Amino acid sequence: MRKIIIAGNWKMNMLFPEVEEFLFELSDELEGKDLNSVDVIVCPPSPYLEITSDIANDSKFYVGAQNINENNNGAYTGEISAAMLKSMELTYCIIGHSERRKYFSESDEMVNAKLKKLHENCIVPIVCIGETLEQREQGITKKIILSQLDGAFKDIKINNNVVIAYEPIWAIGTGKTATPQQAQEIHAIIRKWLEESYKKDIAENVSILYGGSMKPENVKELLLQSDIDGGLIGGASLDVSKFSKMIEIAVEL
Ligand code: 13P
């Protein structure tokens, strides 16, 4: 049985004094909740990973980074490595986010290299894929998704140690959410790809998250789809009451 994952990707938001307040409030919200069927993840900007981990240690949420460099270590000013995340005992790391692909020219090959590094360091990658509006309008969404999957997972063995996030680029930060049916259709394609590339039991165990203008108002309908196992939430994860509300809805499903 796959657990629902509610993950907040803060992107480049929040200032240091706000972080503690947010996380203590989130911890309070989670305190009395039964999270047997839901995992909560917070992915803050890297300067806040330490304080987030410290607070998570006494709470019920997990911590993820937003990116790593694909090299082991060395002269890569400004970058962080998978080994650093491991040394901080972090659980997750987002890779291949469309914003990294767009603004930092991250290719499928780089995503693949990052995935390998994360696995070597026992960190669970949250691998993001998704099509642009133009690609959807051209009717090539499936082709794009499959080629991103083939690229990211080239020579990768998986075994309960990966999460995939389908984030249609046209739905990110636009207020325009994919309909539950549109999202389900792509999630089913991803699960079929997992079955064909790996095995049925692996396909059934991998969590596939939806991301793109997810909010309290639409989370339930999306989570009710058979292949949508959670959400990777940007904007609405910056508001602790909205984020907590989405967790509450997931817990009650
Ligand atoms: P929004 O929820 O702000 O659309 O962002 C989604 C996203 O990119 C999460 O990684």
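Residues numbered from 1 in each chain as written. Predicted model: local features only at pLDDT ≥ 70, side-chain atom pairs only at ≥ 80, totals over all residues. Heavy atoms only, no water.

Engineer: Explain unusual backbone geometry residue by residue, including any values.
Structural biologist: Backbone geometry follows two general trends: most residues other than glycine have a negative phi, and most peptide bonds adopt the trans configuration. Phi is positive for Lys11, which is not a glycine, with a value near 55 degrees. Take Lys11: it is sitting in the loop between strand S1 (4-9) and helix H1 (16-31). You can call Lys11 partly exposed: its relative accessible area is 21%. Of note, the phi angle at Ser213 is positive, near 55 degrees, even though the residue is not glycine. Positionally, Ser213 belongs in the loop between strand S7 (207-210) and helix H10 (216-223). (Helix = DSSP H or I, 4+ residues; strand = E, 2+ residues; numbered from the N terminus. Buried < 20%, exposed > 50% of the residue type's maximum accessible area, 1.4 Å probe, protein only.)

Engineer: Account for the packing of aromatic side chains, with residues named and values stated.
Structural biologist: Counting across every chain of the model gives 6 aromatic pairs. Consider the rings of Trp10 and Phe22, whose centres lie 4.9 Å apart with planes at 75 degrees: the pair is edge-to-face. Residue Trp10 is found in the loop between S1 and H1, and its partner Phe22 is found in helix H1; the two are separated by 12 residues along the sequence. Comparing Trp10 with Phe22, the two get one shared label, buried. Taking the centre distance of 6.0 Å and the plane angle of 75 degrees together, the rings of Trp193 and Tyr198 count as edge-to-face. The same class applies to Trp193 and to Tyr198, which are both buried. Joined through ring pairs, the aromatic side chains of Phe153, Trp193 and Tyr198 make up one cluster. Cation over ring: Arg100 sits above Phe104, and NZ or CZ is 4.1 Å from the ring centre. (Phe/Tyr/Trp six-rings, centres within 6.5 Å; stacked < 30°, edge-to-face > 60°. Lys NZ or Arg CZ within 6 Å of the ring centre and 35° of its normal.)

Engineer: A description of the site of the ligand should follow, citing residues and the corresponding values.
Structural biologist: Within the structure, the ligand sits among Asn9, Lys11, His97, Glu167, Ala171, Ile172, Gly173, Gly212, Ser213, Leu232, Gly234 and Gly235. Lys11 has a polar side-chain atom sitting 2.8 Å from an oxygen atom of the ligand. A distance of 2.7 Å is found between an oxygen atom of the ligand and a backbone nitrogen or oxygen belonging to Ser213. Notes on the ligand: free accessible area 310 Å², of which the protein chains cover 95%. Its residues placed into classes, the shell around the ligand shows 3 nonpolar, 7 polar and 2 charged. (Near = heavy atom within 4 Å. Polar contact = N/O pair within 3.5 Å; in protein donor to acceptor, adjacent residues only side chain to side chain. Areas by Shrake-Rupley, 256 points an atom, 1.4 Å probe, with all protein chains shown as cover. Nonpolar A, V, L, I, M, F, W, Y, C, P; charged D, E, K, R; others polar.)

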